[in-house]
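The primary structure of each chain is shown beneath.
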Amino acid sequence: MDKYDILFEPVQIGPHTTKNRFYQTPHCNGMGSRNPRGHAAMRGVKAEGGWGVVNTEEMQVHWTTDQAPFIEGQMWDDADIAPNRLMVEEVHKHGALAGCQLAYHGMDATNWYSRVPVLGPRSMSIWGGSGIDPIHTKKMDKQDILNVRRWHKKAALRAKEAGFDIAYVYSETIVWSFLNKRINDRTDEYGGDLENRARFFMELLADTKDAIGDKCAIAVRLAVTELGDHPNDWDKAQSADLLGMMAEIPDLWDVNVTGWENDSAVSRFYKEGHEEQYIGFVKGLTTKPVVGVGRFTSPETMVSMVQRGVLDLIGAARPSIADPFLPNKIQEGRIDDIRECIGCNICVMGDFQAIPIRCTQNPTMGEEYRRDWHPEKMNAATSDKDILVVGAGPAGLECARALGDRGYNVILAEAERELGGRVTRESRLLGLSEWVRVADWRITQIEKMDNVTVYPGSKMSAEDVMEVECEHVIIATGASWRRDGIGREKWKPVPGHDQDNVYTPGDIMDGKRPTGKVVIFDNDHYYMGSVLAEELHRDGCEVTIVTERAVVAEYTKYTLEDMHIHKRLHEKGIKKVVQHDLAEIKANGVTLEHAISEEETFLECDAVVLVTDRLPEDGLYHDLLPYLEEGKLKSLKTIGDCHAPNIIERAVFAGHNAAREFDEDVPEGGLPFKRERAIY
Ligand code: ADP
Ligand code: SF4
């Protein structure tokens, strides 16, 4: 018996049986109701990759609970049956069960689209949308409660008609605001003790079972505890009491923690399986199958979860995004082929910014329909041309790997002894160790290819490139951090930037470390400023972060990191100075200028770290252009950061895209993907 066989045992879920224990839990993807074909194809690829159950994202059961501008699923009326059936059909093609996460959001909705009041158990500000939308709920009366029950039931019937095998009654919705005593201040039979606060939940569950329980398994998703802002307002003890009331009613328990930043926690702060401490008690209270998440990518951890009786089904959103073929790879014993999620939450960013899902590790995610990209299959080579790729960062590694997969002969030259470029360097910073997986997976794949030869320790000049005698050259030489302070809000160099006490993130990663009092000027607003703050604090520096914005690391709200970052900086006593520009750097400190009043203050420090823009390292490309013009090279292009400095996800995508397009007939300026237009 194979040690992973236990993961491939069938599990009974209500009237259905899943072929294995791999369960893609609901996850947002920025396509949903707007891009039903894109959505269906993406879910279908997961089913093809071996997931036994594939779910939708949150699916609004009625138009009075819209989440604009977020793009989610919809089951508002009968017209929604056909687009959702597309997904069901794709999932069923591969023998997987299709589930839908029915939801009436209530206080998690905005209703910016429908323009009707958001409903809630009391009148108060909503918490959904941007988190600060100036919208209040209408306190639900008995008729509102009956209406929501009726709408939920109708949506369940439509889900059944669309062919879904599993339908959710999702608690982190309007249900949550009824359950939570902090929010629910009602004095009627829907408020007060837990039995009353759970009444609405129980009614929705009974309605759904009654309506579709003959054909569909009914799943409950319950956040068993609330972490973060209001710890213990909803806790394990109350969840246990709730389970005491309803443990055997649903056909499946999908359990996690809330808020979302604790559930989809980034690897910088939480590692694989971090939810076990919270959800571990559930299986002891029900005979129904239990699924939970924990960014599981290790089959050993998965087996342990089942053997120790923590979970029956291995829930995964992000691991299934990074590698839709994870189950098949485990079944085939191809463990080192698993493309492990790095826990960066770029996939979550897509939801916040209402764009189709993107993944750092999996450049095909969200492109299954649009570009016909498959995560495991490349378009075959159309010639026997040789290609030289210069630079083995995420862009160069992915390009060489994908070209090799197509069947081309590739030479990959890298200046450093170590491959991986920025991901390898950044993964040594505090908390970012899992980022090295971007390089590791690609290196492992390349090592298996006879047609890709890697030359580390080979810094290439234009002459070196020409000596290789490859007529096709792809330059992926990356970018470097600016030393002059120019960045998003700063158009001119900062006076004093050329002093010895000024550092860039690149310097820090190269081991050049400041001491004493350090000011980090963060004009990047993503993770780097706060990571370096932690890193230098650990080294014994007294660190202050300065930013022009009103909050530090503002972009990280889209990757669910911001709250964790603020907490960490606070715990470590790292000071923040917000809404200040860096006016001048001196030997003994910096002059700061208030962003509004322009008032200047002097802050003493020994060193300054400039986390500002990056500049493309495209010198080699320019040195090679004359050879292209003379016809000595047939093709020459830049990809990744040396083309335009960007996040890692973009570099991987650029490498992949260049490989897909090589030697293909790509019309200049032509639209490279299908556009989905709504049809009725
Ligand atoms: P990207 O994110 O675009 O992949 P990186 O900065 O991560 O960019 O990687 C670029 C890689 O290119 C680095 O590993 C760097 O050492 C390498 N490199 C830069 N210039 C040369 C060169 N002239 N010859 C070979 N490798 C180079
Ligand atoms: Fe994982 Fe990052 Fe991909 Fe999301 S974007 S699945 S967190 S690697």
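Residues numbered from 1 in each chain as written. Chains lettered and ligands numbered in written order. Predicted model: local features only at pLDDT ≥ 70, side-chain atom pairs only at ≥ 80, totals over all residues. Heavy atoms only, no water.

> Any chance you could break down the site of ligand 1 for me, citing the residues and the numbers?
The immediate surroundings of ligand 1 are formed by 22 residues, with Ala 395, Glu 414, Arg 422, Met 460 and Asp 641 found nearest. Note that an oxygen atom of ligand 1 is positioned 3.4 Å from one of the backbone N or O atoms of Ala 476. Protein coverage of the free-state accessible area of ligand 1, which is 580 Å², stands at 90%. Put simply, the parts of the chain that give the shell around ligand 1 at least two residues each are α14 (394–406) and α15 (421–426). (Near = heavy atom within 4 Å. Polar contact = N/O pair within 3.5 Å; in protein donor to acceptor, adjacent residues only side chain to side chain. Areas by Shrake-Rupley, 256 points an atom, 1.4 Å probe, with all protein chains shown as cover. Helix = DSSP H or I, 4+ residues; strand = E, 2+ residues; numbered from the N terminus.)

> Explain the environment of Gly 44 residue by residue, including any values.
Relative to the helices and strands, Gly 44 resides in helix α1 (residues 36–48). In this structure the C-alpha to C-alpha distance between Gly 44 and Ala 98, which are 54 residues apart in sequence, comes to 9.8 Å. Once residues within four sequence positions are removed from consideration, Gly 44 is found in contact with Glu 90, Val 91 and His 94. (Contact = heavy atoms within 4.5 Å.)

> Run through the domain arrangement of the protein chain, naming residues and quoting values.
You can read the domains of the protein chain as domain 1 (56–312), domain 2 (386–478 + 617–661) and domain 3 (483–614). For domain 1 versus domain 2, the separation of C-alpha centres amounts to 44 Å. The interface is formed by five residues belonging to domain 1 together with six residues belonging to domain 2. Taking both sides of the interface into account, the surface hidden between domain 1 and domain 2 amounts to around 410 Å²; carbon and sulfur atoms contribute 31%. When the buried area of domain 1 at its contact with domain 2 is split by residue, Ser 267, Arg 268 and Lys 271 rank highest and sum to 71% of it. Inspection of the region where domain 1 meets domain 2 yields two salt bridges. Of the charged contacts, one joins Arg 295 and Glu 434 as a salt bridge, the two residues approaching to 2.9 Å between their closest N and O atoms. (Domains from an automatic or database assignment. Buried area = accessible area lost by both parts, 1.4 Å probe. Salt bridge = Lys/Arg side-chain N within 4 Å of Asp/Glu carboxyl O.)

> Hey, could you go over the pairing of strand β11 (residues 252–258) for me, with residue numbers and the actual values?
Across the seven residues of β11, seven count as buried, placing the element largely inside the fold. Burial of β11 is two-sided: the residues Leu 252, Asp 254, Asn 256 and Thr 258 facing one way and the residues Trp 253, Val 255 and Val 257 facing the other way are all buried. Here seven bridges tie strand β10 (residues 217–226) to β11, and the two strands are oriented parallel to one another. Across the sheet, Val 220 pairs through a bridge with Trp 253, a residue of β11. (Buried < 20%, exposed > 50% of the residue type's maximum accessible area, 1.4 Å probe, protein only. Pairing = 2+ DSSP bridges.)

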